Amino acid sequence: MRRPVITARAAATFEPVGRSVASARAFVRDTLQGWGFSDIVDDAVVLTSELVTNAVVHAGTSADVLCLRNEQGVRVEVADRYPERELPLQNTGRHHAHPDREGGRGLLLCGALASRWGVEYSATNKQVWFQLDLAERPAGTRSAGPALPTVALPVADSHVRVAVIQIERGGNVSSWNDDAQELFGYAPEQVIGKPLTDLAAWPHTPGTGTGIVEALQLSRWEGSYGIRDTEGRVVPVYASHLRVRDSEGEPSTVLLLVRDHERAILQTTLRPPAGDSSATTTDGRGPAADPFEVFIGSPAPDDLDGLLQRTVERARDMLDGDAAYLLLATDDETELEVRASTGLPSARQRFARVPVEAGTGRYGSARMPAVHEDLSAVPGAVPLLGGTGMRSVVTVPLKVEGRLTGSLGVAAESSGRYTNEEALRLQFAADRIALAVERARLTELERLRRGSLSFLVEASDLLAGTLDRDQTLALMAQMTVPTLATWCAVYTVADPSSEPELSYVLHEDEDRIDGLKTLLGKVAPPDPVPTPGARVWTAPSDAAHAAALRSSLRAVDMGDPSQVTSGPGPSLATASAVGGETVVLPLVARNRVIGMLTLGKPTEEHFRQEILELAEDLSRRAALALDNARLYSERTAISQSLQRSLLPPELPEIPGVEVEVIYRAAGEGNEVGGDFYDVFPIRDEAYGFAIGDVCGTGPEAAAVTGLARHALRLLAREGFGGPAVLERLNTAILDEGARSRFLTLLYGELWPQQDGSAVLKVVCAGHPLPLRLRQDGSVEPAAEPQPLLGVMEDLELYEQTVRLDPGDVLLCVTDGVTERREGTRMLGDDGLIDVLTTCTGLTAGAVAARVLRAVERFAADSPSDDMAILAMRVPELQTVVQDS
């Protein structure tokens, strides 16, 4: 026999994983359909599936699949790599496997379906091949249609232009004919060498269908998309792609494109509709394929979006329509949501909603099949088709166990295209796919609910992790963009009588934020309505389109050529960013609207119901977090205002004496605690100073702090000496009763002297002793300990006189300094003295800073006690002379 001449070949290798079987089936199906061998595709896919399964699942090796086209049909070779397998011996007495066994069915199927088949062994692999011959066809005829009257012929322009474009291996344009230049306006030199993706407006959503890069790699592809012309407009085209290789083996893709309304010129002739499921195949080998698989194709897409998109494309082709769409019903069956479409502006229609019952009679209900012969006679009968140019439409319901789950429609641009016969055919197909669609919808819904639950849990954790208002607003926006919406704006309402205020704006494209913020600033905010749920807000979209229109009018002249720009301006970009659906969700806390969460989509996009429900759940959590942050901010502001009133004003300037104070209150948000200080003028040339420590920390200790500080000033200015001042303060503390707290206090009065020294009279009531640093570096206590205040009624205190010579430093601290701990170690009085001895010659500010630094470095943890440091230094004599 003459050896068959190979006219085309395609090869692929599949890894030893389970999903490779499906990939191999798709590879063989696409290859054979690209070669025009639709009659033998199903048999080839079944055999390939079994043989690849044997290789990647049972043998556990990768599988090489080779498809060879010849004049008789197709030869498919499947090879695995299992060198350890023994070569079979003839006449071993082994019997063939039973048909019901799980293994060994691949060869049995080859014997049943293939024209010829065989097995070839080598030292490193095993190869199984099968040949499928084509059925005899009339010479010169592949397909033909009946003779039609002129009015029934497809409509085309008087001069039909077919753009021929060639795309090289890297995806760049390598050839561009004259018709392509006429259709799209580009001269060949403008586009050759550029990626096709720069020109193509691909209709499929990324991740849910075949993208343009993938389509260019297929052996054959046919469908609709758009090409941007030189003016930036998208020209809808119908395309037929064919993957070829030149004589040197270099692959490329040839594209034939016509205007979309002339698709009949390129569109492949439809296969005859499948008959009854009980019918037999043309060769009489058994029952026909399952009607669902015949309609939807095998294997069916695993994901819901892919299944729905395949459904509308097959429905359109089955009835030779110009467009098709599929809607899914909401849980309450009151509305239908567009989930897939072909031949329509999908960006505008996707997720749009229409009511199930649109009017009286069967034509107004999606629960019954309906045929509209001419939509121009009944405007608005099918709202989704308004403005699309469609004239006739047939719609059928999808039902599962009598419950409405969706609606499938096919439309045509000519009137009177469909009759009840087409409605029955479409209903038959819809009945076969309804259960699969519902199963896929429930699977997606469960996945979305799981994802929503995880999203809400994470959102709750993030919102609960802060009490800062601004951070809460930022988190609200960042959690919604881009997960739920393209852009977000948060409005806050201070009180019921105030207007909403735009507080935060976020867009997934950072370059659009400023323009969006400017636009929203010019639009009246939405009304703070407490009604739960999302409501549509059209003001941003209307304002954006109005601004874009004004920008366009200015650009087209109105007399000033300098206004003309080469591309869309900021107004146009902003209009595109917010031109879709915008919804407002109230932020309600304690029965009051405290803000509004606004979510938006770009031009002509709509929100899915599941997204709106998730956004509503998020808004409730965000409202509580925002209210908590607001209450915390108010409480903190009040607390800090009261605490600041307890702090002394700025330190007075004391002639001839440097004074520096460092104060640290323990606890987050506290500015005043149990430790306090004060330096104030008493009378001419006399100044009072105090440093004390109230038992405990926090607001209770701060209350006694305020009492002590104000009482000291008042009594000292009344002329009382140090002991009298402290004795009267002791009485005032005891008069507080249960609110009283004992405190330690160092109080003194200071008189600068003419000779450059300073005289101090101090009383140390239970407080850490003040330390005096002399110029020679020696350190000594400057007072003796006496009883603390707030414990005994009758106190007998006395004051001690201390003289600070030029260069001397008096350091006063609270026990938060000396009792600084690291494990069992404590800084103590000795440690403080060691630090002070290194401060000779430093200014008062430098002394206080060095002491604070030593305290902080002593332990890694943050201080747990209030801390005050008061340093007074008498400058050296020569410094005083120079300053004077």
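Residues numbered from 1 in each chain as written. Predicted model: local features only at pLDDT ≥ 70, side-chain atom pairs only at ≥ 80, totals over all residues. Heavy atoms only, no water.

For the protein chain, the helix and strand inventory stands at 21 helices and 34 strands. A buried classification covers 45% of the 884 residues belonging to the protein chain. Within the protein chain, contacts between residues separated by at least 24 positions form 61% of all contacts whose residues are at least 6 apart in sequence. Total accessible area on the protein chain stands at roughly 45000 Å², and carbon and sulfur atoms take up 51% of it. (Helix = DSSP H or I, 4+ residues; strand = E, 2+ residues; numbered from the N terminus. Buried < 20%, exposed > 50% of the residue type's maximum accessible area, 1.4 Å probe, protein only. Contact = heavy atoms within 4.5 Å. Areas by Shrake-Rupley, 256 points an atom, 1.4 Å probe, with all protein chains shown as cover.)

On to the packing of helix H8 (residues 304-318) against helix H10 (residues 420-464). Running from N to C, H8 and H10 point in directions that differ by 170°, and their axes come no closer than 10 Å. Between H8 and H10, the interaxial angle falls into the category roughly antiparallel. Side by side, H8 and H10 meet where Leu304, Asp305, Leu307, Leu308, Thr311, Ala315 and Met318 of the first sit next to Arg425, Leu426, Ala429, Ile433, Ala436, Val437, Ala440, Arg441 and Glu444 of the second. Grouping the constituent residues of the contact of H8 with H10 by class yields eleven nonpolar, one polar and four charged. (Axes fitted to C-alpha atoms, helices over the stretch in contact; angles between N-to-C directions. Parallel < 35°, antiparallel > 145°, perpendicular 65-115°, else oblique. Nonpolar A, V, L, I, M, F, W, Y, C, P; charged D, E, K, R; others polar.)

Our focus in this paragraph is the sheet that holds strand E27 (residues 758-765). In space, the five strands of this open sheet follow the order E24-E25-E26-E27-E30, with antiparallel pairing throughout. Sheet topology places strand E24 (675-683) and strand E30 (800-804) at the edges, where each strand pairs with a single neighbour. Each strand of the sheet is rotated relative to its neighbour by a mean of 20°, with strand direction disregarded. By the bridge criterion, eight bridges tie strand E25 (residues 686-694) to strand E26 (residues 743-752) in an arrangement that is antiparallel. Residue pairing for E26: Gly692 is matched across the bridge by Leu745. Its contacts with the sheet put helix H17 (residues 722-734) on E26 and E27, and the angle it makes with E26 is roughly 150°. (Pairing = 2+ DSSP bridges.)

If you walk through the whole model with that rule in mind, you get six aromatic pairs. Where Trp176 meets Phe184, the ring centres are 6.0 Å apart and the plane angle is 55°; that geometry is what we call tilted. For the pair Trp176 and Phe184, a shared accessibility class is recorded, and that class is buried. Between Trp176 and Tyr186 the ring centres are 6.4 Å apart and the planes differ by 80°, which places this aromatic pair in the edge-to-face class. Taken together, the residues span a long stretch of sequence, with Trp176 in strand E7 (residues 173-176) and Tyr186 in the loop between helix H4 (178-184) and helix H5 (188-191) at a distance of ten residues. The exposure class of Tyr186 is buried, given its relative accessible area of 14%. Directly above the ring of Trp129 sits Arg75, whose terminal nitrogen or CZ lies 4.1 Å from the centroid. (Phe/Tyr/Trp six-rings, centres within 6.5 Å; stacked < 30°, edge-to-face > 60°. Lys NZ or Arg CZ within 6 Å of the ring centre and 35° of its normal.)

Spanning 16 residues, helix H1 (residues 19-34) covers 23 Å between terminal C-alpha atoms, matching the ideal 22 Å at 1.5 Å per step. For H1, the set of buried residues is Ser20, Val21, Ala24, Phe27, Val28, Arg29, Thr31, Leu32 and Gly34. Backbone geometry just after H1 places Gly36 at a positive phi near 85°. (Expected span 1.5 Å × (residues − 1).)

Time to look at the environment of Ala765. When you line up the elements, Ala765 lands in strand E27. Contacts of Ala765, omitting those with residues within four sequence positions, involve Leu726, Leu743, Thr744, Leu745, Gln786, Pro787, Leu788 and Leu789.

So, about the environment of Leu445. Along the polypeptide, Leu445 turns up in helix H10. Given a relative accessible area of 12%, Leu445 falls into the buried group. In this structure the C-alpha to C-alpha distance between Leu445 and Glu610, which are 165 residues apart in sequence, comes to 8.6 Å.

Where helix H19 (residues 828-837) contacts helix H20 (residues 844-858), the two axes come as close as 10 Å, and the packing angle between them is 135°. As summarised for this structure, H19 and H20 are arranged oblique, according to the angle between their axes. Between H19 and H20 the crossing geometry is right-handed. Of H20, the residues touching H19 (which contributes Leu832, Val835 and Leu836) are Val847, Arg850, Val851 and Ala854. Of the residues contributing to the contact of H19 with H20, the split by class is six nonpolar, no polar and one charged. (Left-handed = near helix turned anticlockwise from the far one by under 90°.)

What follows covers the pattern of salt bridges. Within the structure shown, the criterion is met by 32 salt bridges. Where Arg441 meets Glu438, a salt bridge forms, and the shortest distance between an N and an O atom there is 3.0 Å. Here Arg441 and its partner Glu438 are both found in helix H10, three residues apart, which amounts to about one turn of the helix. As far as the burial class goes, Arg441 and Glu438 line up, both buried. A salt bridge links Asp617 to Arg620, with the nearest nitrogen and oxygen atoms 2.2 Å apart. Linking Asp617 with Arg620, this pair stays in helix H15 (residues 609-646), spanning three residues, or about one helical turn. The class for Asp617 is partly exposed, based on a relative accessible area of 25%. (Salt bridge = Lys/Arg side-chain N within 4 Å of Asp/Glu carboxyl O.)

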